[in-house]
Amino acid sequence: MPENRLFLPEGLRPPAHHTIESLRLAAENGAILEAPVGRCDPGRNLHLSLSGIAGTIDRSEVVAPWISGADREISILSRVGKYTCFTVKSVSSDEKGAPVAILSRQKAQEAAMAFFLNT
């Protein structure tokens, strides 16, 4: 049985320092990154700090819909304070010119599932 080094459980990846360039590169190549979730806003979007760069996971991108309980709010709220894997969808600027990374946990889950179903 091959050893899984690509899709480690959330919280087991070594800490990483993120830059705008590394986030753009991750968006291009679909790399899975990890960082702790700092907060959840009233719209149930998750907010992360990626070495000082704001990151947001939209509510619809937090949990893949085929996962049991994905439609429950606790599946989103329970991510706060925990390390979470994600892919970078895009890197842009907010209205003040600060960089913002748009992230997807769902895409990371789908990539992991595809990997494990094909091995």
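A quick note: this is a predicted structure, and the numbers were derived from the prediction, not measured. (Residues numbered from 1 in each chain as written. Predicted model: local features only at pLDDT ≥ 70, side-chain atom pairs only at ≥ 80, totals over all residues. Heavy atoms only, no water.)

## Overview of the environment of Asn45
In plain terms, the rule: Numbering goes from the N terminus for both helices and strands, where a helix is a DSSP run of H or I of at least four residues and a strand is a run of E of at least two. Should any heavy atoms of two residues lie within 4.5 Å, those residues are counted as being in contact. Whenever a nitrogen or oxygen atom comes within 3.5 Å of another N or O atom, the pair is scored as a polar contact, on the condition that within protein one atom can donate a hydrogen and the other can accept it, and that pairs from neighbouring residues in sequence are kept only if both atoms are in side chains.
Here Asn45 lies in the loop between strand E1 (33-40) and strand E2 (46-50). A C-alpha to C-alpha distance of 4.6 Å links Asn45 and Arg59, two positions 14 residues apart in sequence. The contacts of Asn45, once residues within four sequence positions are left out, are Arg39, Cys40, Thr56, Ile57, Asp58 and Arg59. Among the polar contacts made by the side chain of Asn45, one reaches the main-chain amide nitrogen of Arg59 at a distance of 2.9 Å.

## Structural notes on unusual backbone geometry
Although it is not a glycine, Arg44 adopts a positive phi angle of roughly 65°. Among the structural elements, Arg44 can be located in the loop between E1 and E2. Positive phi, close to 55°, is recorded for Ser51, a residue that is not glycine. If you trace the backbone, Ser51 turns up in the loop between E2 and strand E3 (53-57).

## Comments concerning helix H3 (residues 105-118)
Spelled out, the test is: How far a helix is expected to stretch is found by multiplying one less than its residue total by 1.5 Å. Only protein chains enter the accessibility calculation, which uses a 1.4 Å probe. A residue is then buried if its area is under 20% of the maximum for its type, exposed if over 50%, and partly exposed in between. When we speak of the arc, we mean the arc of directions from the helix axis to the C-beta atoms.
For H3, with 14 residues, the first-to-last C-alpha span of 20 Å sits near the 20 Å given by 1.5 Å per residue. For H3, the set of buried residues is Arg105, Gln106, Ala108, Gln109 and Ala112. Mapping the buried residues of H3 onto a view down its axis gives an arc of 160°, with all of them on the same face. Away from its buried face, by an angle of more than 90 degrees, H3 presents the exposed residues Leu117 and Asn118. Of the surrounding secondary structure, the elements contacted by the buried residues of H3 are E3, strand E4 (83-93) and strand E5 (99-104). The backbone nitrogen of Gln106 has a side-chain oxygen 3.4 Å away, supplied by the residue at the start of H3, namely Ser104.

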